[in-house]
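Fold and contact review
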Amino acid sequence: MSQSATDPRQFRAPPKKPLRLSWADERVRAIFWQVLIVGIVVAVVWWLVRNTQHNLEVRRIATGFGFLQREAGLPIGESLIQYTPASTYLRALTVGVLNTLKVAVVGIILATILGTLIGIARLSKNWLLSKVAATYVEVIRDIPLLLQLLFWYTMLQGLPGPRQALNPVTGIFLSNRGLRLPFLDWEAGHSWGLVAFVVGCCGLYIYGKAMRRRQMQDGQPRPVWPAALGFLIVLPLVAWWLGGAPSGIEWPALRGFNFQGGMSVSPEYFALLVGLTTYTAGFIAEIVRAGIQAVAKGQWEAAQALGLKPGVVLRQIVLPQALRVIIPPMTSQFLNLTKNSSLAVAIGYQDIVSIANTTLNQTGQAIEGIAIIMLVYLTISLSISLFMNWYNSRIALVER
């Protein structure tokens, strides 16, 4: 009787040949080359470490990170935490990290919004709007970023002084000293309102998932906006009211030769933020345009056949599908913006690169200073990549 076609013995893998210590065995050759390459890498690293140690000993340069606890004596123009020249080098470097994050995070958000709008504008049926967006993309991408940063910084330095400051809107002043904005007189009630808003976002996320789960079970859509109104508006307002309902606003006012009060944005930070945002937005615009064009035209035609408006089609049908194409290259642009922020030293903004360079010049700890800069950018970049890869996996198509 013939053997059945479904006999599992037909699919058994052939037995592996025993490993022979012969050059003719490809597994032996693979192991040899791997060991050789690893040995070369280890030898090169060992030589570099030994050579560095020898040169440091000859020049009598101390190594280690003990200098971080010494007094810095380094003036820093702006910081998110309390800092004085009497603080330690560790605190000075922490200020530099926070200044870098302040540029990177805000720049990523603004560049994403601006780039998305320009990318959509390039696909507009309005001829003038489409050509203006295309011109912006081509011009911005073809000018080196460093020149753009110097341009914006020079433009800000050319503005009038505080007494003749530009006042486009009540309470907002733009001068060669930077940008002055009204700011909340922060009190405990605002903190409680902020905490309630964060809790409301978490609650809305959990509620939305529960409603979608119930909709999958019975097919009945349930509106989420009443819950969103309660979680994101009512709950923070209640917390703010229970905290004393503070409503004071600190308005900037001219005192002597400069403005006092309100929130101050330095010319260096403003120029760096504008330069990074406009430059990166040009690349993001092309990514968004390509992602939208990657969606099949049949999706547009089917939605239009249902009588949906173009704006609804773009928001609800096209963009969610285009995100699967947009997210991977956009991650690279977020990383580029973060790393390009190191050009801040050219216009005097004190980020981690500027402060670390000053630190290594004062202490002579060049290796440690460069290592700190590399570690900071590596940590920030890996964090961005981890988040974007997680988000990309959430929106990826699931094969069934």
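Here goes a summary of the coordinates provided. Since the model is a prediction, treat every value here as computed from it, not as a measurement.

Pairing between side chains becomes possible if they bear opposite charge and their charged atoms approach one another. Taken as a whole and judged by the stated rule, the model has 4 salt bridges. A salt bridge links glutamate 286 to arginine 122; the nearest nitrogen and oxygen atoms lie 2.5 Å apart. With glutamate 286 in helix α7 (residues 267–294) and arginine 122 in helix α2 (residues 89–122), the pair connects residues that are 164 residues apart, well separated along the chain. Judged by relative accessible area, glutamate 286 falls into the buried class, the value being 14%. Each of Arg122, Glu286 and Arg289 takes part in salt bridges that share partners, so that together they form one network.

The next subject is the packing of aromatic side chains. Summed over the entire model, instances satisfying the criterion amount to 8 aromatic pairs. Pairing tyrosine 279 with phenylalanine 283 gives two aromatic rings, centres 5.1 Å apart and planes at 65 degrees, and the pair type is edge-to-face. Of this pair, tyrosine 279 and phenylalanine 283 both sit in helix α7, 4 residues apart, which is roughly one turn of that helix. Overall, tyrosine 279 belongs to the buried group, its relative accessible area being 16%. Overall, phenylalanine 283 belongs to the partly exposed group, its relative accessible area being 23%. Among the aromatic residues, ring-to-ring pairing joins Phe65, Phe67 and Tyr89 into one connected group. The aromatic ring of tyrosine 269 is capped on one face by lysine 102, whose charged end is 4.6 Å from the ring centroid.

This part covers the side chain of arginine 180. Among the secondary structure elements, arginine 180 is positioned in strand β3 (residues 178–181). Residue arginine 180 is classed as buried on the basis of its relative accessible area, which comes to 15%. Of note is the side chain of arginine 180, whose polar atom sits 3.1 Å from the backbone oxygen of phenylalanine 259. Every residue in contact with arginine 180, bar those within four places of it in the chain, is listed here: Gly171, Ile172, Phe173, Pro252, Phe259, Gln260, Gly261, Gly262, Met263 and Ser264.

It is worth spelling out the sheet that holds strand β1 (residues 166–169) at this point. Reading across from one edge, β1-β2-β3-β8 is the order of the 4 strands in this open sheet, with antiparallel pairing throughout. A single partner strand is all that each edge strand has here, and the edge strands are β1 and β8 (263–265). Looking at each pair of strands side by side, their axes are set apart by 20 degrees on average, direction ignored. Bridge count for β1 against strand β2 (residues 172–175) is 2 bridges, and the pairing is antiparallel. In the strand pairing of β2, valine 169 is matched with isoleucine 172. Strands in contact with α7 are β2, β3 and β8; relative to β8, the strand with the most contacts, it is inclined by about 65 degrees.

Bringing the environment of valine 97 into the picture now. The residue valine 97 is located in helix α2 in this model. A C-alpha to C-alpha distance of 9.9 Å links valine 97 and serine 79, two positions 18 residues apart in sequence. Once residues lying within four places of it in the same chain are set aside, the contact partners of valine 97 are Ile352 and Val376.

Across 3 bridges, the pairing between β2 and β3 is antiparallel. If you follow leucine 174 over to β3, its bridge partner there is leucine 179. Hairpin connection between β2 and β3: a loop of 2 residues separates the two successive antiparallel strands. For β3 and β8, the ladder comprises 3 bridges, and the chain directions are antiparallel. Residue pairing across strands places leucine 179 opposite valine 265, the latter belonging to β8.

Conventions used here
Residues numbered from 1 in each chain as written. Predicted model: local features only at pLDDT ≥ 70, side-chain atom pairs only at ≥ 80, totals over all residues. Heavy atoms only, no water. Salt bridge = Lys/Arg side-chain N within 4 Å of Asp/Glu carboxyl O. Helix = DSSP H or I, 4+ residues; strand = E, 2+ residues; numbered from the N terminus. Buried < 20%, exposed > 50% of the residue type's maximum accessible area, 1.4 Å probe, protein only. Phe/Tyr/Trp six-rings, centres within 6.5 Å; stacked < 30°, edge-to-face > 60°. Lys NZ or Arg CZ within 6 Å of the ring centre and 35° of its normal. Polar contact = N/O pair within 3.5 Å; in protein donor to acceptor, adjacent residues only side chain to side chain. Contact = heavy atoms within 4.5 Å. Pairing = 2+ DSSP bridges. Axes fitted to C-alpha atoms, helices over the stretch in contact; angles between N-to-C directions.

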